Amino acid sequence: MLHQSITVAGVEVFPLCDAVGPMGDAIRRPMSQMFPGGRHGEPDEWIMHFHCYLLRDASGRTVLVDTGIGPRDSPAASWAPVPGALDAELARVGTAPGEVDAVVITHLHSDHASGAVVAGSPVFGNARHVLQRAEIDAADEAVLDRVVRPLGERVHAVDGGAEVLPGVRVLLTPGHTPGHQVVQVGDLVLTGDVVLHPVQLEDPRVPYLYDADPELAAATRVELLDRVRAEGGTIGTAHFAEPFTRLV
Ligand SMILES: [Zn+2]
Ligand SMILES: [Zn+2]
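Residues numbered from 1 in each chain as written. Chains lettered and ligands numbered in written order. Predicted model: local features only at pLDDT ≥ 70, side-chain atom pairs only at ≥ 80, totals over all residues. Heavy atoms only, no water.

Draft legend 1. Structural detail: the pattern of salt bridges. The final tally for this structure, using the stated rule, is 11 salt bridges. Ionic pairing is found between R149 and D145, a salt bridge with its closest N-O pair at 2.7 Å. With R149 and D145 both in helix 5 (residues 141-151), this residue pair falls four residues apart, about one helical turn. Judged by its relative accessible area of 44%, R149 falls in the partly exposed class. As a salt-bridge pair, D203 and R205 come within 3.1 Å of each other at their nearest N and O atoms. Here D203 falls in the partly exposed class, since its relative accessible area comes to 22%. (Salt bridge = Lys/Arg side-chain N within 4 Å of Asp/Glu carboxyl O. Helix = DSSP H or I, 4+ residues; strand = E, 2+ residues; numbered from the N terminus. Buried < 20%, exposed > 50% of the residue type's maximum accessible area, 1.4 Å probe, protein only.)

Here's what the structure looks like:
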């Protein structure tokens, strides 16, 4: 699905739609269980989008935020509509994988990290890969073997806030995973899985079944959304149907 780019603080932000589909049976539950306490309408089905984002600044430097669900044999295959279309989406916005300067992986779940290494080789060979150290420390051996170790020296581990490009920052936002991070540019925040579904905009305290630490995730979500809303800013989400939501 084609989504339009926006420009914030001199950086053009392209939503890349890696996939669209319902969550697979392996982990799908009724919405009332996935988002307990949320106000759910009809139909009671969540058609997930899987968005990555490409940021391109005025001098042409690029940052890819998240790497999607990956190829047909991805670990996301049990629940996400593999293969992802990230490579075609990148081509559509005029960027080859080798031209990406930096990759930010919001967290190491299989729908965000599986496009970084394919068949054992880094896909974005010239990019440094920004991850929170807390996320790497919490990763299991399978994820380390599949994603982190093959990236080798391309891994750029950070602790908390860090600048990726001038004006493009990552911020530590733990809860969904221990080392989850978001990306801020101007008044836009790319929220990864801090916010999964619009019911959590209505009530940010609504947890998500697959948050690692639901209480911390809720506290992080409330704090982040309050801040963006106070600034009249915009969020760019991973799993909403529309990538951008202006908070007012
Ligand atoms: Zn996740
Ligand atoms: Zn996700």
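Additional details are given in the paragraphs that follow.
Draft legend 2. The packing of aromatic side chains, seen in detail. Per the stated rule, a full pass over the model turns up six aromatic pairs. With 5.3 Å between their ring centres and 70° between their planes, F35 and W46 make a pair best called edge-to-face. In this pair, F35 is assigned in the loop between helix 1 (31-34) and strand 3 (47-56) and W46 in the loop between helix 1 and strand 3, connecting sequence segments 11 residues apart. The same class applies to F35 as to W46, namely buried. Where Y53 meets F244, the ring centres are 5.8 Å apart and the plane angle is 50°; that geometry is what we call tilted. Of this pair, Y53 sits in strand 3 while F244 sits in strand 15 (residues 244-246), and the two are 191 residues apart along the sequence. (Phe/Tyr/Trp six-rings, centres within 6.5 Å; stacked < 30°, edge-to-face > 60°.)

Draft legend 3. Up close: the coordination of the zinc ion (ligand 2). Protein coordination at the zinc ion (ligand 2): the donors are D111 (OD), H112 (NE2), D193 (OD), D193 (OD) and H239 (NE2), at 2.1 to 2.8 Å from the metal. One chain supplies every donor to the zinc ion (ligand 2), and in sequence these donors are spaced D-H-x80-D-x45-H. The metal-metal distance between the zinc ion (ligand 2) and the zinc ion (ligand 1) is 3.6 Å, with D193 coordinating both. A relative accessible area of 2% places H112 in the buried class. (Donors = N, O, S within 2.8 Å, 3.2 Å for Na, K, Ca; no water.)

Draft legend 4. Here's a closer look at helix 5. Among the residues making up helix 5, those that are buried are V143, L144, V147, V148 and L151. Down the axis of helix 5, the buried side of the element spans an arc of 120°, and every buried residue falls inside it. Residues of helix 5 that are buried sit in contact with helix 3 (110-113), strand 6 (117-118), strand 7 (121-122), strand 8 (128-132), helix 4 (133-138) and strand 9 (155-158). (Arc of directions from axis to C-beta. Contact = heavy atoms within 4.5 Å.)

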